[in-house]
Amino acid sequence: MSATSEDMALHDAYSKAVIGAVDLVAPAVVKIDVSNRDGKGRERGAGSGSGFVFAGDGLVLTNAHVVTGANGPSALRVVLPDGRSCDGSTIGADEDTDLAVVKISATGLQALRLGSAHNLRQGQLVVAIGNPFGFQHTVTAGVVSATGRSLRARTGRLMNGLIQTDAALNPGNSGGPLVDTQGHVVGINTAVIMPAQGISFAVSADTAHVVIPQLLRDGKVRRSYLGIAGQDVPLPRRLVRHHALATGFGVLVTEVVTDTPASRAGVRDGDLIVGFAETPVGRTDDLHRLLTGDRAGLDTTLHVLRGVDILSLPITPAEPDR
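Focus on the overall build of the protein chain
Then step 1. When its secondary structure is counted, the protein chain shows six helices and 18 strands.
Then step 2. Counting the 322 residues in the protein chain, one finds 45% classified as buried.
Then step 3. Partitioning the contacts of the protein chain with sequence separation of at least 6, the portion at a separation of at least 24 is 60%.

What follows is the structure in structure tokens.
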């Protein structure tokens, strides 16, 4: 076989892989149009995004930022691949993971099963399907650049376990599926770093497996809070050695909000948090991971470095009102 023939064969195999994945997935990918109306019924803004049916009874998975701000009758319109359009309602949304579940009433829906990103490898071919700039069912392909990436959510919490890919994403792609060549959903496209070239991210399907049941049950993901503002700072080496701390960093408390778990526990501005619930804390994100919904209402201990001493403060995290 000549070099030209080999190149053609490789291109043909690549094309077949992408086409095969699209054929499996495209019938379940939807376009979501969002409108925002004021108290007089006037439309104040509109947008669009993507999503996909993951349950045959009309459950659609998308990004939380796609549905945020939708209000009023017919605020969400979901356009199916066959051209049908129906109203949608938000069952639940979690801004910290940028995932949301929308309910529609339609028959004959094809649903996709969520897979896993655990076995993804760098360089593996992936396909993204969505509706960039309102153009329905646009397909892009690329490779997995990295797994386990972290990206700051709009809420300030760190989104962990993200898939980084060079599959081109544009406004409107948000919420669409990222799939492998077998048509398995490995991620939900969520963001693109606009100044960069070819760096896109997707929430892993494994995160969706955890979040979806909570959205269906409670309409949200329960988390707890302390009521502080803080920043990551290095600790004095002599104090790290003296107290045999597990990390050289801590969370400097820059503000304690009145009438919160932290204020009631006696936390002060300038305290350095080094532990929570008998677990070392070196970064703000460590606290975020530990402050789950199950912690709300449970007595625990916050370890802070105040001056040269470590204090153990009894504290009871609470669930925020949203």
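Having put the structure on the table, let's press on.
Notes on the pattern of salt bridges
Then step 1. Enumeration over the complete set of coordinates arrives at 13 salt bridges.
Then step 2. For the salt bridge of R84 with D82, the shortest nitrogen-to-oxygen distance reads 2.8 Å.
Then step 3. Judged by relative accessible area, R84 falls into the partly exposed class, the value being 32%.
Then step 4. The residue E319 makes a salt bridge to K220 at a minimum N-O spacing of 3.5 Å. Pair noted here: E319 is in the segment after β18 (309-315) and K220 is in the loop between α3 (205-218) and β13 (228-234), with a separation of 99 residues, a long-range link.
Then step 5. Connected through shared salt-bridge partners, D94, D96 and R223 make up one network.

Looking at the pairing of strand β15 (residues 272-276)
Then step 1. Of all five residues in β15, five are buried; the element is thus mostly enclosed.
Then step 2. Two strands pair when backbone bridges link them, and strand β14 (residues 249-256) and β15 are joined in this way by two bridges, in the antiparallel orientation. Counted as the bridge partner of V251 is I273 from β15.
Then step 3. Two elements, β15 and strand β17 (residues 300-306), share four bridges in a ladder whose sense is antiparallel. By the bridge assignment for β17, F276 is matched with L302.
Then step 4. Examined bridge by bridge, β15 and strand β16 (residues 279-280) share two bridges and lie antiparallel to one another. Note that in β16 the partner of G275 across the bridge is P280.
Then step 5. Between β15 and β16, which pair antiparallel in sequence order, lie two residues; one of them, A277, sits at a positive phi of approximately 55°.

Remarks on the layout of surface pockets
Then step 1. Estimates place the volume of the largest pocket at around 530 Å³.
Then step 2. If you list the elements that add at least two residues to the lining of the largest pocket, you get β9 (158-165), α3 and α6 (284-290).
Then step 3. Broken down by element, the lining of the largest pocket gets its largest block of residues, six residues, from α3.

So, the environment of R77
Then step 1. Looking at the secondary structure, you find R77 in strand β4 (residues 76-79).
Then step 2. In sequence terms R77 and D33 are 44 residues apart; their C-alpha atoms lie 5.1 Å from each other.
Then step 3. Apart from the residues lying within four places of it in its own chain, the contact partners of R77 are K31, I32, D33, S85, C86 and D87.
Then step 4. A distance of 2.9 Å separates a polar atom in the side chain of R77 from a polar atom in the side chain of S85.

Digging into the nonpolar core
Then step 1. F52, F54, L61 and L114 are the most contacted members of the largest nonpolar core, which has 33 residues in total.
Then step 2. Broken down by element, the residue count for this core peaks at five residues, all from α3.
Then step 3. Once you skip the residues sitting within four places of it in the chain, L114 turns out to touch F52, L61, V185, A205, A208, H209 and I212.
Then step 4. V256, L291, V304 and I315 belong to the second largest nonpolar core, which has 18 residues in total.

Thoughts on α3
Then step 1. Its 14 residues give α3 an end-to-end C-alpha distance of 20 Å, which sits within 8% of 20 Å, the value for a rise of 1.5 Å per residue.
Then step 2. If you look at α3, its biggest bend is around 30°, right at V211, and the proline P213 turns up within four residues after that.
Then step 3. Turning to α3, its buried residues number three or more, namely A205, D206, T207, A208, V211, I212, Q214 and L215.

Let's talk about the environment of A277
Then step 1. Note that A277 resides in the loop between β15 and β16.
Then step 2. For A277, a relative accessible area of 13% puts it in the buried group.
Then step 3. Residues A277 and L290 lie 13 residues apart in sequence; the distance between their C-alpha atoms is 8.3 Å.
Then step 4. Each residue touching A277, except ones within four places of it in the same chain, is listed here: R295, T300 and T301.

Topic: the environment of D271
Then step 1. Note that D271 resides in the loop between α5 (261-265) and β15.
Then step 2. With a relative accessible area of 2%, D271 lands in the buried category.
Then step 3. Contact partners of D271, with chain neighbours within four places excluded, come to V251, L252, V253, G266, V304, L305 and R306.
Then step 4. Engagement of the side chain of D271 in a polar contact is seen with the side chain of R306, the distance being 2.8 Å.

Section: the side chain of D285
Then step 1. Looking at the element boundaries, D285 is found in helix α6.
Then step 2. For D285, a relative accessible area of 12% gives the class buried.
Then step 3. Within polar-contact distance, the side chain of D285 engages the side chain of R152 at 2.8 Å.
Then step 4. Those residues in contact with D285 that sit more than four places away from it in its chain are R152 and L158.

Parameters at a glance
- Residues numbered from 1 in each chain as written.
- Predicted model: local features only at pLDDT ≥ 70, side-chain atom pairs only at ≥ 80, totals over all residues.
- Heavy atoms only, no water.
- Helix = DSSP H or I, 4+ residues; strand = E, 2+ residues; numbered from the N terminus.
- Buried < 20%, exposed > 50% of the residue type's maximum accessible area, 1.4 Å probe, protein only.
- Contact = heavy atoms within 4.5 Å.
- Salt bridge = Lys/Arg side-chain N within 4 Å of Asp/Glu carboxyl O.
- Pairing = 2+ DSSP bridges.
- 1 Å grid on protein atoms, 1.4 Å probe; cavity = no way out; pocket = protein on both sides within 12 Å on 5 of 7 lines; lining within 4 Å.
- Points joined across faces, edges and corners; volume = space filled by probe spheres on them.
- Polar contact = N/O pair within 3.5 Å; in protein donor to acceptor, adjacent residues only side chain to side chain.
- Core = buried A, V, L, I, M, F, W, Y, C linked by side-chain atoms within 4.5 Å.
- Expected span 1.5 Å × (residues − 1).
- Bend = angle between axes of the 7 residues up to and from the residue.

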